[in-house]
Amino acid sequence: MRLSVFGCGYLGAVHAAAMASIGHKVVGVDVDPRKIESLAKGEAPFFEPGLQQLLTEGIASGRLSFTTDASAARGAKVHFVGVGTPQQAGGHAADLTYVNTAIDDLLPQLSAGDIVAGKSTVPVGTAAELAPRIAAAGAVLVWNPEFLREGWAVQDTIDPDRLVAGVPSGEEGQRAAEVLREVYHPAVAKGTPFIVTDYATAELVKVSANAFLATKISFINAMAEIAEATGADVTQLADAIGHDARIGRKFLGAGIGFGGGCLPKDIRAFAARAEELGRGESVNFLREVDAINLRRRERAVQLVVDGLGGSVYGKKVAVLGAAFKPHSDDVRDSPALDVAVRLNGLGADVVVTDPQAIENARRLHPQLTFEADRDETIRGAAAVVMVTEWDEYRRELSPEHAGSLTGGRVVVDGRNGLDAAAWRAAGWSYYGMGRP
Ligand code: UGA
């Protein structure tokens, strides 16, 4: 099938490449010429495992192309919209500028019978507002939220755990859902749940899923705070409650909390939208979820200060990690980078390393010192702070090796990913999050 994808960021570029890999003919459209130039050459403009290969294969097959020219979307049967919906400057609501611009660019390209499939995360009510404009062009709008995780985006796109299609009522909506089933044929064939809903439900599925995940993380981080007051160990607690199948162990990783381009801004936008709907009360807890999450960053900083005897001023602190999570170069609202910035603000001589995210981190915080080499980062540091659980730090860095690089013996484990007993046995003062 011929498809177009508007927006070629973390979501759209992967979607375009993944759809080409399952046999569709896809054009990716973006207003950023630099991004398009890179993608058109088959070069991933950001780090996402597996994407590079899909781009190379897709372009070589002739099924995948990228352009800044929206008219290239003409003739496609389904047009995906996967542009960003960042937090508004000066507010908590979502900024829909890019969605509106993408729709404006797309409208003149539509033919009767086309389908526009919204993938961006939007406030509930957006699809109903956009639908008449798309219907006026003879096309049908469906809302088809995306649940991919950065770092696993290729796999999540090709083989998602569910597909959701918010469609208009009546036959037209059912027909549009059928077309989407065809688009996602390999997943549908293997029995992936395909849930057809109305617009509002589809939009809400997305934001409520992210709100639930954020709440789960903040729940365990709240338990970490209680553990800190009582000498309990939150990692054992998480293991124990996680054995209850109703609770589950996933997303009970206590640490410096969630960040990235989705969870933080999505819970804020959700609360803002609920407020507009007169239902602010219903999701008031999301403000608490946000507050707990942000407190944990400060806690990590405090552990470094305490570990170094009350002051970090003028002392070298090695920060392992800048990305908001491993397998990503994304530093948007990264808790790791935030910890580094706060330590820098306290006068520490902070050196940050990361296997993928240094370039993005430097652009955002040029005041920090970056070092590509992990061991050079650690060399001579008074404290080592692990804030993004890349294997390079979590599994492959032994306390003995770290100890051979520095006389400093303070390690702060912002992700509870290190083997505390091993680090202690090697002579380190180990500080975890919510652990004695
Ligand atoms: C999240 C959702 O998981 C996806 O389903 C969704 O599609 C995506 O947002 C989106 O809206 O686009 P993502 O932001 O890629 O995906 O990252 P997650 O894997 O959810 O991690 C989010 C943050 O939570 C990271 O900073 C991670 O370190 C943190 N986290 C995760 C914890 O602190 N503890 C955990 O136990 C798990």
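Look above for the structure.
Residues numbered from 1 in each chain as written. Predicted model: local features only at pLDDT ≥ 70, side-chain atom pairs only at ≥ 80, totals over all residues. Heavy atoms only, no water.

A. A look at the site of the ligand. Around the ligand, a shell composed of 21 residues is seen, among which Leu-148, Glu-150, Lys-206, Asn-210 and Gly-253 lie nearest. Here Leu-148 contributes a backbone N or O atom positioned 2.7 Å from an oxygen atom of the ligand. Protein contact buries 89% of the 720 Å² of open area that the ligand shows by itself. Of all the secondary structure elements, the ones that give two or more residues to the shell around the ligand are helix H9 (199-230) and helix H11 (263-276). Examining the composition of the shell around the ligand, we find that 4 residues originate from one element, H9, more than from any other. Taken together, the residues that form the shell around the ligand break down as 10 nonpolar, 4 polar and 7 charged. Residues from two domains meet in the shell around the ligand; each of domain 1 (2-197) and domain 2 (204-436) gives at least three. (Near = heavy atom within 4 Å. Polar contact = N/O pair within 3.5 Å; in protein donor to acceptor, adjacent residues only side chain to side chain. Areas by Shrake-Rupley, 256 points an atom, 1.4 Å probe, with all protein chains shown as cover. Helix = DSSP H or I, 4+ residues; strand = E, 2+ residues; numbered from the N terminus. Nonpolar A, V, L, I, M, F, W, Y, C, P; charged D, E, K, R; others polar. Domains from an automatic or database assignment.)

B. Examining helix H12 (residues 285-307) more closely. In this model, H12 (23 residues) spans 33 Å end to end at C-alpha, consistent with the 33 Å of a helix rising 1.5 Å per residue. Backbone geometry just downstream of H12 places Gly-309 in the positive-phi region, at approximately 80°. (Expected span 1.5 Å × (residues − 1).)

C. Spatial organisation of the packing of aromatic side chains. Taken as a whole and assessed by the stated rule, the structure comprises 4 aromatic pairs. On the basis of an interplanar angle of 40° and a centroid distance of 4.4 Å, the ring pair of Tyr-10 and Phe-46 is categorised as tilted. Residue Tyr-10 is found in the loop between strand E1 (2-6) and helix H1 (12-21), and its partner Phe-46 is found in the loop between helix H2 (33-40) and helix H3 (51-61); the two are separated by 36 residues along the sequence. With respect to class, Tyr-10 is no different from Phe-46; both count as buried. Note that Arg-162 overlies the ring of Phe-147, its terminal NZ or CZ placed 3.6 Å from the centroid. (Phe/Tyr/Trp six-rings, centres within 6.5 Å; stacked < 30°, edge-to-face > 60°. Buried < 20%, exposed > 50% of the residue type's maximum accessible area, 1.4 Å probe, protein only. Lys NZ or Arg CZ within 6 Å of the ring centre and 35° of its normal.)

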